[in-house]
Structures are given as structure tokens and as C-alpha cells.
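# Structural overview for review
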There are 2 protein chains.
Amino acid sequence: MNNRKHNFSAGPCTLPLETLQQAQEEFIDYHGAGMSLIEMSHRGGHFEEIAKQTRELALEIFQAPKEFSALFLQGGATLQFAMVPMNLLHGGARGAYVNSGAWAKGALADAGMHGEVYAAWDGADEKYMRMPADDEIQLRDNTRYLHITSNETIGGIRFPEWPNAPVPLVGDMSSDYMSREVDWKKFDLIYGGAQKNLGPAGMTVVFVRKSILENCSQNIGRYLRYDIHEANGSMFNTPPVFAIYMFHLVLRWMKSQGGLAAMQRNAAEKSETLYSAIDQSDGYYNCPVARECRSQMNVVFRLPSEALEKKFLAESEAAGLMHLKGHRSVGGCRASIYNAMPLAGVSALTGFMAEFQHNNPA
Amino acid sequence: MNNRKHNFSAGPCTLPLETLQQAQEEFIDYHGAGMSLIEMSHRGGHFEEIAKQTRELALEIFQAPKEFSALFLQGGATLQFAMVPMNLLHGGARGAYVNSGAWAKGALADAGMHGEVYAAWDGADEKYMRMPADDEIQLRDNTRYLHITSNETIGGIRFPEWPNAPVPLVGDMSSDYMSREVDWKKFDLIYGGAQKNLGPAGMTVVFVRKSILENCSQNIGRYLRYDIHEANGSMFNTPPVFAIYMFHLVLRWMKSQGGLAAMQRNAAEKSETLYSAIDQSDGYYNCPVARECRSQMNVVFRLPSEALEKKFLAESEAAGLMHLKGHRSVGGCRASIYNAMPLAGVSALTGFMAEFQHNNPA
């Protein structure tokens, strides 16, 4: 496709071109079945095979130990903000939250509607420019889990290392899902929206430690129960067929690229390329977040003035570098460089940045 | 597409071929944007326009008055089983449920986890073979709503007329959504999964009377709140982009066919064709449900023996008539003839039925 643009959208976002090509090719008549995959019963052989392979491949690629199951739910990370406390907090147990930015704040607020929760660390005073060190996280008695947001999509920060805590971790990994290795023994549950690294919007992937399921709440509606979804292979009710199918294609693409190790290596290389360009611009471009917590997925940066930012955004778009605008709540620029963004896209961006700086001195 | 089969699946199910063709054609490069629609930010111009048009067209096609909004959620009807009582039942209000079969039963059970609910009528003793008359529905004091399942997908029954009740109705219309006119003044809320008449799996469409939103609960997680979704045009969090897009194409197809009136007329004609074939088979084919409550979407029928049913299912499939097996919980046969099933598909089925009967006397 000659017209294809470099898409730096924060999500939904760029996907591997070969997955789109395959989906297009088999869209109307899936493998000679005489119908589209999206027209088939989810209880039929074709889709059950896809769902099974996707569950297995998700665990394999993410290097999850056999103690975990992969669930394919709906409602985004936002529904998980409620489901986590609904399932895990009962009998007086409390949920601790690292308030690291916009998403963590939302997780904490929603959880408060469904259980007793508290901020174990709060980055608000420092404008969410970094993640906490282990010894800054203050846990109270009877804490069931410590909730972290591995990467803040809007703030552009991430946990460089998984925190050490005396309680299990629950991780919202929406925006750096399957881009880095996980220290699985620390986690009871990991969740995230698919629409960054995993596929199109419309699915939430949850990795849950199976041993915790019997202690999950059972006095909530069945869609809200992890144990029900796990026992039914995420087919308790009609699953998001197309999103699971696309995730399957993306997982196979990840595998063909070298799996999680390759995703991690590429993320490091791409983000380093971009941060270097920022750091070597004599302050023309400026990344406000703490260096050691810089996101490898969402690179936020400012220009010398809002007028220059506006011009930068207009000209970058004209040059085929799309969706570089920062989130409406913080302004500035943001380049989201998820797994499917090729290094060539980042190089095109750094090339443009240098040229723009040259043509538009501060 | 020469190979296209007649697909009688109960959902996900057959979709209008022209919607699949259009989706395929513009899948990789949406309207020259240089990326797929599923790669685009949901806050960008392309998708916002689709979402807006889809909201408007859904109301228009369904003939909903301006007092209603259309919401595009996730989690299927099953999540609505919990969301309805979570939002509507507070301050001691109770929810009444018509227990008309498998889906109503699920709605009632889930609702019981989130509010005080009761069965205002129960069809279990009659094996769910009919819907209640108005005077059989027994409401208690302080009832906020009467929940009905307009069409039971598994049992193959429907409400021939919308019930009259002294409280607002809440309707699960998953399996006859937009196939019949609605008496809007009776309803506060209508919901249903998209994966029958509206598009692929992965979206729940909710029509809500706007005036009830300020009395919906606000002490629940934000994804669970109707008021939040309504205030944000279903874009509070990332919506199911692809499902909304496909719904948009299906709505345009409905409009091109003559809108809701045409869907209703076609449903009557197709179901009459099929029930006539059953009724005129001298008892070879037998529909167990009460005549006046026969579904126009899911036609259930039995053959003289389970052995003949097995043969019927094998041979119909070989003849390109797919997914005629009844739900695993009830057995027998079921032909789901949703909006997108052409009359030609039904005629092919009735032709096959006559031939099968001829070749396989009881």
C-alpha cells in the first residue's frame, strides 16, 4: 500500500500491515466456509479453534507460567477498574493504588465505588513526572493487592522495574502490554485494553492467576466474575469475535518477529532513538518526565512555544506523520510508538524533527 | 461470491453481503487516509463522524423519539443484566422480571446480585412455551421497572404485543432488535447484543430514555454508568470501533431496504413461510411453542425422532444450509432468520425440508 502513513496515535493505533492484509483477504469467505468469520457461531469449529489458539499463544508469547489463564473480555481497562475490586476485595480486604497519573487516578476512583481502597503513593504533587521507588509505597494492614499502572499513556511515564511489595500486584498494562517481560511471580492479575499493542479496540485481555479464582466474589453478575470467564474459556457469553481474531493475527506476527524479546528490544531501540533526538536538540524539544521513568511507548515532548507546537503538528501531518498531538488534558506532542510501529517510522519522525528545528529556530 | 452459504446461526449470524463487501474494500486504507479505520484514533475526525452518524441513524431507523439516546457499550446483554439494576434500583425500588426462558432467567439471576428483584410471571411450569398475558403479570409495590425479553433466542418465543404495565418497561431485545416497531412510550430502556440483527459480536446497543439518567446510580464504577456513557456520546472510554462501523453499514443497508417497516414485513413473511412449511408437514415437523407467541427470528422445530434430526442436520449442512442445530440445552432444530437472511434462504430451507420428508418418511 503506497499511501500508508506513519501513525503515532495513542490508541487505537497502527497495526502490523500483514495482519490487515490477511484479515482483508479472508474477510468475506473465511477459509472457504462460505461466510465471514464474523458471521459464524462462536460455538462453531472455526472460531473455537481460533479462540483456543489465541489463548495459548497469548500465554506463550507473554511468557506466562501455567498458573495463569488469559481471558478475553470487553469494556476496556475502565470496566476492569470496577471488576478488580468487585472480585478481589471482600471480607474487609483493602486495595492499594499507586497514583501515577490520569489512568491510575481513574482506577482508584472507580475502585472506591466497589471496595475500600487507598493511594499507597501519590505522584500528583510532582505532576506525575515519575513512578515511586519501592520504599515510597506505603501499604496499610489487610491490603489484598497493590495496583500499578505499568505505563501512563498520557503522562508518558513507566515503571522501569516491577515494584517489590509484600502483597500481590495487579497491573493495568494497557499501554505497554506485551512489549516487555513481566515478573510473573509478583502478579495476581494483569489487564489491559487491546487497542494499543494487541489489536483493534473492543477487547480487554486479562491474565489471571488461577489459584485466586476460588476466592473471587461470587455475589456479582456473571459477566463481572473472573471465575466464570475462566471456567468458560472466555465463552460464557458471546465474545468479541473480530477482536480475538485480530489479536490472533497480531500474536502470530509477534512470534514471527521474535516474540516478546524482540518487542522489548525494538521498544528500547525505538524509544532511545526518539529520546536521543529530543535530548540532542539543545533544548528545542523537551521531554518533561524523569529520565529513568520515560515511557518506551508514549514519548511526550514540548517545543519552545505553543505556536511552534501548532505548526509542528500541522507540518508533521502534511509530511505523513499522523496523530502527534498530545492528549487534550496536557497539550504538547506525543509520539506513541507501539509494537507495530517500525523503526523506519521513528526515523522518519526524528528526521522531520531535525528539519523542523532547522527551519523554525526558537 | 459463489460459495456463499445460507447461514441460520443464532448469532453471530449472517450479515448483508454488501456490508461485508464494503468493509473489505475499505479495510486497509480507509477513504484514502493511509491507514485502516481500526487503526485510527476514536477521537479523530473519521471515526467521530461515523459514531455520530451511527447514533443518529440508529434512532432514526428504530423510530425512537427524541427523548431517547443510543449508546454503544460492550459486554453483551449479559453485562446489562447487572447494569440495569445497578443503575435503576436504589432507595428500596424493586425490579420485576417476566421469566420467559433461558435469557430472562439469566437476567433475573444476575439482577438479584445488584438489587431487589422478583419474577412477576414465571413460564417454567409450562416449559417456557409462551409469553404471559397482561393480567398474568403480578407486580409488587415499589416496582421501578418490568423487565421483559422480547424474544427468547433459545425457546423461540416472543411477545406478540408489548405488554401493558403500570411501570416502565426495560427490554432485552437482543434477538429481535430492529425487526419490529416499538411502543416507545412504554419503555425506559432497551438493550441488546449487536450480534444478531445489528452487526458482528462485540457491542451492546442501549436505547435509554434521557430523563431517567439523573436518577441513575452514581456510586458505581464509571463504565457501569449509563449517564456517563450518554454524556460522552459513548466515547467515555475507547468504544468498539469496528463493531460501530459495521453497525453503521448495517443501518445504511436497512435504510436502503425500506427501514424498520421493511424489516418487520420481511420478518413476518419469512417466518410465515417457514411456519407454514412446518404446519403443513402433517406433523413431520413440529414447532412446540404456542402459536401466538412464535418467534419471527428463531424458528424452533423437531422431527419425528432424534435419529432423523441428526440426519436432517447432516444433510442440510451438505446442502449449504448451515447451523440449523437447536441450542445445546434443548436439542432439536432451530432456524434463525434474522434481518439479513433473504427470503431465498428460507425458501431454500423449506424446499429442503419437503424433500427430506419425502425421502425419509417417519
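Attention in this report is confined to the structure presented alongside it. Computed from a predicted structure; not experimentally measured.

Right, let's talk about the relation of the copies chain A and chain B for a bit. Mapping chain A onto chain B is achieved by rotating through 180° and translating by 0.0 Å along the same axis, at an RMSD of 0.0 Å. What we have between these two chains is a two-fold relation. Looking at the interface residues of chain A, 100% of them are also at the interface in chain B, so both copies use one shared face.

Residue and element names in this part refer to chain A. Taking strand neighbours across the sheet as the criterion, the seven strands line up as β2-β10-β9-β8-β5-β3-β4 in an open arrangement whose pairing is mixed. Of all the strands in the sheet, the pair left with one neighbour each is β2 (68–73) and β4 (116–122). When the angles between neighbouring strand axes are averaged without regard to direction, this sheet yields 20°. Pairing geometry for strand β3 (residues 94–99) and β4, over six bridges, is parallel. Directly across from Tyr 97, in β4, lies its bridge partner Ala 119.

All names here are of chain A. As a packed pair, helix α1 (residues 17–25) and helix α6 (residues 241–257) sit with axes 9 Å apart at the nearest point and diverge in direction by 135°. Considered as vectors, α1 and α6 are oriented oblique to each other. The handedness of the crossing between α1 and α6 is right-handed. Mapping the contact onto sequence places Glu 18, Thr 19, Leu 20, Gln 22 and Ala 23 in α1 and Tyr 245, Met 246, Leu 249, Val 250, Arg 252, Trp 253 and Gln 257 in α6. In terms of residue class, the contact of α1 with α6 is made up of seven nonpolar, three polar and two charged.

What follows covers the nonpolar core. By size, the foremost hydrophobic cluster in this structure holds 184 residues, and its most contacted members are Met 178, Phe 207 and Phe 312 of chain A together with Met 178, Phe 207 and Phe 312 of chain B. Residues in contact with Met 178 of chain B, not counting those within four places in the same chain, are Ala 58, Ile 61, Phe 62, Leu 198, Phe 207, Phe 247, Leu 251, Met 254, Leu 260, Met 263 and Asn 339 of chain B. Counting 60 residues, the second largest nonpolar core, distinct from the first, contains Tyr 223 of chain A together with Leu 79, Met 83 and Leu 89 of chain B.

Aromatic ring pairs are reported here in terms of the distance separating the ring centres and the angle at which the planes meet. Inspection of the entire model under this criterion finds 42 aromatic pairs over all chains. Between Tyr 97 of chain A and Tyr 145 of chain A, the ring centres sit 5.8 Å apart and the planes meet at 75°, which makes this aromatic pair edge-to-face. Here Tyr 145 of chain A lies in strand β5 (residues 143–149) and Tyr 97 of chain A lies in strand β3, a separation of 48 residues in the sequence. Given the relative accessible area of 0%, Tyr 145 of chain A is considered buried. Taking 5.9 Å as the distance between ring centres and 65° as the angle between the ring planes, the aromatic pair formed by Tyr 285 of chain A and Phe 312 of chain A counts as edge-to-face. With Tyr 285 of chain A in the loop between α7 (259–279) and β11 (298–301) and Phe 312 of chain A in helix α8 (residues 306–318), this pair connects stretches of sequence that are 27 residues apart. A single burial state applies to Tyr 285 of chain A and to Phe 312 of chain A, both of which are buried. Through successive ring pairs, a cluster of aromatic residues spans Phe 27, Tyr 30, Phe 242 and Tyr 245 of chain A together with Phe 27, Tyr 30, Phe 242 and Tyr 245 of chain B. Here Arg 180 of chain A stacks its cationic end above the ring of Trp 162 of chain A, 4.1 Å away from the centre of that ring.

The side chains of a regular strand alternate between the sheet's two faces. Residue and element names in this part refer to chain B. For strand β3 (residues 94–99), the buried fraction is high: six of the six residues fall into the buried class. The β-α-β motif built from β3, the intervening helix α4 (residues 102–111) and the parallel element strand β4 (residues 116–122) has right-handed crossover chirality. As judged from the four bridges shared by β3 and strand β5 (residues 143–149), these two strands associate in the parallel manner. Each residue of the ladder has a partner; that of Ala 96, found in β5, is Leu 146.

All right, on to the side chain of Thr 238 of chain A then. Structurally, Thr 238 of chain A is set in the loop between α5 (226–231) and α6. Within the structure, Thr 238 of chain A has its side chain in polar contact with the side chain of Gln 195 of chain B (distance 3.2 Å). Once residues within four sequence positions are removed from consideration, Thr 238 of chain A is found in contact with His 42 and Gln 74 of chain A together with Pro 12, Gln 195 and Ala 201 of chain B.

Quick look at the pairing of strand β8 (residues 169–172) of chain B now. Residue and element names in this part refer to chain B. Taking every second residue as pointing to the same face, both faces of β8 are buried, with Leu 169 and Gly 171 on one and Val 170 and Asp 172 on the other. Direction of pairing for β5 relative to β8: parallel, over a ladder of four bridges. The residue of β8 that forms the bridge with Ile 148 is Gly 171. Here β8 pairs with strand β9 (residues 187–193) via four bridges, running parallel. Among the inter-strand pairings, Gly 171 is bridged to a residue of β9, identified as Ile 190.

Okay, the sheet that holds β9 of chain B next. Residue and element names in this part refer to chain B. Across the sheet, which stays open at both edges, the seven strands sit in the order β2-β10-β9-β8-β5-β3-β4 with mixed pairing between neighbours. The sheet is open, and its two borders are formed by β2 (68–73) and β4, each paired with just one other strand. Recorded for the sheet is a direction-independent mean angle of 20° between the axes of neighbouring strands. The sheet strands contacting helix α3 (residues 76–88) are β2, β3, β5, β8, β9 and β10 (204–209), and the helix crosses β9 at an angle near 155°.

What counts and how
Residues numbered from 1 in each chain as written. Chains lettered and ligands numbered in written order. Predicted model: local features only at pLDDT ≥ 70, side-chain atom pairs only at ≥ 80, totals over all residues. Heavy atoms only, no water. Least-squares fit on C-alpha atoms with pLDDT ≥ 70 in both. Contact = heavy atoms within 4.5 Å. Pairing = 2+ DSSP bridges. Helix = DSSP H or I, 4+ residues; strand = E, 2+ residues; numbered from the N terminus. Axes fitted to C-alpha atoms, helices over the stretch in contact; angles between N-to-C directions. Parallel < 35°, antiparallel > 145°, perpendicular 65-115°, else oblique. Left-handed = near helix turned anticlockwise from the far one by under 90°. Nonpolar A, V, L, I, M, F, W, Y, C, P; charged D, E, K, R; others polar. Core = buried A, V, L, I, M, F, W, Y, C linked by side-chain atoms within 4.5 Å. Buried < 20%, exposed > 50% of the residue type's maximum accessible area, 1.4 Å probe, protein only. Phe/Tyr/Trp six-rings, centres within 6.5 Å; stacked < 30°, edge-to-face > 60°. Lys NZ or Arg CZ within 6 Å of the ring centre and 35° of its normal. Right-handed = clockwise from strand over helix to strand, strands pointing away. Polar contact = N/O pair within 3.5 Å; in protein donor to acceptor, adjacent residues only side chain to side chain.

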